[in-house]
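Working through the structure, step by step
What follows is each chain in one-letter form.
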Amino acid sequence: MVNSKLLLEYDVSVLDSQMEGILWLKLMDKFSCQSLCVCVCYLPPASSSRGDCSEEFFDCLAAQISMYRNLGTICICGDFNARCGDLQDVSVDSVSAIPPRKPLDVELNSHGKQLMDVMKSLELGTLNGRGKDNFTFISSLGRSVVDYCIVELEDYNKFSHFTVTTMQELMEELDYQDSRHIPDHSLLSWQIQAHQLDEVPTQPSRIPKKQVSFSTSLFDLQSIPSHFMENRREEVDKLIMHLDTNTLSQKLIDEIYSHFCNIVKEEMECTLPKIRSRSQKHHHHKPWWNQELSEARAEVAKAERKWLTCENRINRPILRENYKATRRKFDSLVRRAKRRWCNMAGEDLDTALLGNQQGFWHK
């Protein structure tokens, strides 16, 4: 899925979908024509019935990377079911200034070896192990790192703020109150630096080059200060002058509009207060949720953190069993709270039906 906001500034197209489990998307900036090629992958586990296709998968992926890397910045991400152990993706004698990978998962499997071979041969590297890292697969069966974000070594500095957020952390942050069907895989997120058009072509010296990154911040539009855009008036006047003094084409109008939007966005970032996502979490309370469940969920998160951060091989199985027991207790409390609320709601409906039939329809 592509966020609709990106469609305002990028033309998005499917670049390649011939190989099962590999999808390439091309995002081309509407104004600068610079491209970002995103590859989304899924490779079944080696132990599954389709796990024997890994050689064909990685051969195809390597060929596609070589083919599309010249189109622009590339980013490969997804679930490879590959455990790379402590193998390094950057050679010791490499001249690259990229810091060494610090793996959390020291186990190695066949998919991991193949993935590392591809990365070394094509001068690629993972963002995993070089940011706010964590395990990407967490369940009662165990923990591992099998999901990756892979980029070209020469483009490493274009990517920042790599973060792995576990589902338990995400549940707490969003105050998500339904524990059914929670994914086992963590959320991987990062920022990509995008280069905006150098200038409007007809006036090359008036609009400086900007480097912008996409933001998902929410702003408090009820608190717009009186001096909003006061310091940007000269820039806006120059854009208006472009409209007044040039022969207009649709492309030129679009370019000027894009620059105006960037000016407003920059001013909003600097002057408007932001709304934290946590402020909206209380809008999603379930009627059966209570303080006991909040405390139990916090205990699950605490048990999970202790297990994931434990480096002692002797204590790790004990902490894992404690996490599983804590999670089972939380799930049991959730089911009990739902049953209790459903029973009470049914009793209220029966009472309303017997006592006040007209009031029944307001329930």
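Read on for an overview of the structure. (Residues numbered from 1 in each chain as written. Predicted model: local features only at pLDDT ≥ 70, side-chain atom pairs only at ≥ 80, totals over all residues. Heavy atoms only, no water.)

1. Focus on the sheet that holds strand S1 (residues 10–16)
As a reminder, the rule being used: For two strands to be treated as a pair, DSSP must find at least two bridges joining them. What counts as a helix is a DSSP run of H or I of at least four residues, what counts as a strand is a run of E of at least two, and both are numbered from the N terminus. Only the contacting stretch of a helix is used when fitting its axis, a line to C-alpha atoms as for every element, and angles between N-to-C directions run 0 to 180 degrees. By the convention used here, residues are in contact when the closest approach between their heavy atoms is within 4.5 Å.
The strand order S1-S2-S3-S4-S8-S5 describes an open sheet built from 6 strands, whose pairing is mixed. Two strands in the sheet have a free side with no partner beyond their single neighbour: S1 and strand S5 (124–126). If you compare each strand with its neighbour and ignore which way they point, the axes differ by 25° on average. As paired strands, S1 and strand S2 (residues 22–29) are joined by 6 bridges and run antiparallel to one another. By the bridge assignment, Asp16 is partnered in S2 with Trp24. Here helix H1 (residues 54–68) sits on the sheet in contact with S1, S2, strand S3 (35–42), strand S4 (73–79) and S5, set at roughly 15° to S2. Against the sheet, helix H2 (residues 110–122) engages S5 and strand S8 (147–152), with an angle of about 130° to S5.

2. Remarks on the layout of surface pockets
As a reminder of what qualifies: Whether a set of points on the 1 Å grid over the protein atoms alone is a cavity depends on a 1.4 Å probe fitting there but being unable to get out, while an open set qualifies as a pocket with protein on both sides within 12 Å along at least five of seven lines; lining residues are those with an atom within 4 Å of a point. Grid points are joined across faces, edges and corners, and a volume is the space filled by probe spheres set on the points. Charged residues are taken to be Asp, Glu, Lys and Arg, nonpolar residues to be Ala, Val, Leu, Ile, Met, Phe, Trp, Tyr, Cys and Pro, and polar residues to be all remaining types, Gly included.
The volume enclosed by the second largest pocket comes to roughly 550 Å³. Lining of the second largest pocket is provided by 26 residues; of these, Phe135, Arg143, Leu308, Cys310 and Arg316 occupy positions nearest its centre. Listing elements by their share of the lining of the second largest pocket, those giving two or more residues are strand S7 (142–144), helix H6 (291–309) and helix H7 (315–355). Examining the composition of the lining of the second largest pocket, we find that 5 residues originate from one element, H6, more than from any other. A class-by-class count of the residues in the lining of the second largest pocket yields 9 nonpolar, 4 polar and 13 charged.

3. So, the pattern of salt bridges
Quick reminder of the rule: By salt bridge we mean one thing: a side-chain nitrogen of Lys or Arg within 4 Å of a carboxyl oxygen of Asp or Glu. Burial classes follow relative accessibility: with a 1.4 Å probe on protein chains only, a residue under 20% of its type's maximum area counts as buried, one over 50% as exposed, and anything between as partly exposed.
All chains considered together, the criterion is met by 12 salt bridges. Taking the shortest distance from any N to any O, the salt bridge between Glu9 and Lys265 comes out at 2.8 Å. Highlighted residues: Glu9 in the segment before S1 and Lys265 in helix H5 (residues 250–271), separated in sequence by 256 residues. Overall, Glu9 belongs to the buried group, its relative accessible area being 12%. Residue class for Lys265 comes out partly exposed when judged on its relative accessible area of 40%. Between Lys324 and Glu321 there is a salt bridge, with the nearest N and O atoms lying 3.4 Å from each other.

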